[in-house]
Amino acid sequence: MGGAPGRAEVYRDVYFDRPGGELTAGGAELRVRTVTGEAGARTVLTYKGAAVDEASGSKPETETAVADPVALRAILRGSGLVETVAFEKRCRNWELVLDGRPLLATVVEVPELAGVFLEVETPAGDEAELPSALAAVRRALRRVGVADADLTTELYTDAVARARGRV
């Protein structure tokens, strides 16, 4: 990825759901992520809606910075949500531009899972922009030799749960 070393970060992800699993059943996710790297630590709250593209599993995301992660977890638990899974991702991130579109490419290792994963993301302002955003991601993946047959829509949460014998 341009020969640059990328930005090394560790993501500590904690997922929440209603006790009956309604968010997960509807394809949605609620995540608290603490990112630690050379620039320090930051925490973000992310809501991911149901997939908008079946082939890629791409989901719309809404995210906000969190000033106090301990308080946020207390608020979520106090609101009746439960922690469903927590795990760590060791990441190396590259921000790049391809055909005028900003991309974030992340090489991911999850200690509990075999293999190394590549995520490529780009923002889409609205649903009308989605086809061009997905096309840019696919072009980027092809450029580094990732074929459509190599893609998966499996969620890390599901893979980690399976590795822990919970599925």
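**Q** Which residues make up the pattern of salt bridges, and what values go with them?
**A** Under the definition given, this model contains 16 salt bridges. For Arg139, the salt bridge goes to Asp99, with nearest N and O atoms at 2.8 Å. One end of the pair, Arg139, is in helix α3 (residues 130–143); the other, Asp99, is in the loop between β5 (82–98) and β6 (101–109), with 40 residues separating them in the sequence. A cluster of three or more residues bridged by salt bridges with shared partners is formed by Arg7, Glu9, Arg42 and Glu95.

**Q** Tell me about the layout of surface pockets, and name the residues and values.
**A** By rolling a water-sized probe across the atoms, one finds the places where empty space is left. Its boundaries defined by the atoms lining it, the second largest pocket holds a volume of some 290 Å³. As for the second largest pocket, its lining consists of 17 residues, and the residues nearest its centre are Thr24, Thr84, Val85, Thr157 and Asp158. Elements that contribute at least two residues to the lining of the second largest pocket include exactly β1 (7–17), α1 (22–25), β2 (29–37), β5 and α4 (156–163). Of the residues assigned to the lining of the second largest pocket, the class counts are 8 nonpolar, 4 polar and 5 charged.

**Q** Account for the confidence of the model for the chain, naming residues and giving values.
**A** In this model, the chain carries an average pLDDT of 93, and 98% of its residues clear a pLDDT of 70 or more. Of all helices and strands in the chain, the one with the weakest mean pLDDT is α3 (92), whereas β2 scores best (98).

**Q** Give me the lowdown on the environment of Val82, citing residues and values where you can.
**A** Tracing the sequence through the fold places Val82 in strand β5. Filtering out sequence-adjacent residues up to four positions away, Val82 remains in contact with Tyr15, Phe16, Asp17, Arg18 and Pro19.

Rules of the game
Residues numbered from 1 in each chain as written. Predicted model: local features only at pLDDT ≥ 70, side-chain atom pairs only at ≥ 80, totals over all residues. Heavy atoms only, no water. Salt bridge = Lys/Arg side-chain N within 4 Å of Asp/Glu carboxyl O. Helix = DSSP H or I, 4+ residues; strand = E, 2+ residues; numbered from the N terminus. 1 Å grid on protein atoms, 1.4 Å probe; cavity = no way out; pocket = protein on both sides within 12 Å on 5 of 7 lines; lining within 4 Å. Points joined across faces, edges and corners; volume = space filled by probe spheres on them. Nonpolar A, V, L, I, M, F, W, Y, C, P; charged D, E, K, R; others polar. pLDDT = per-residue confidence, 0-100. Contact = heavy atoms within 4.5 Å.

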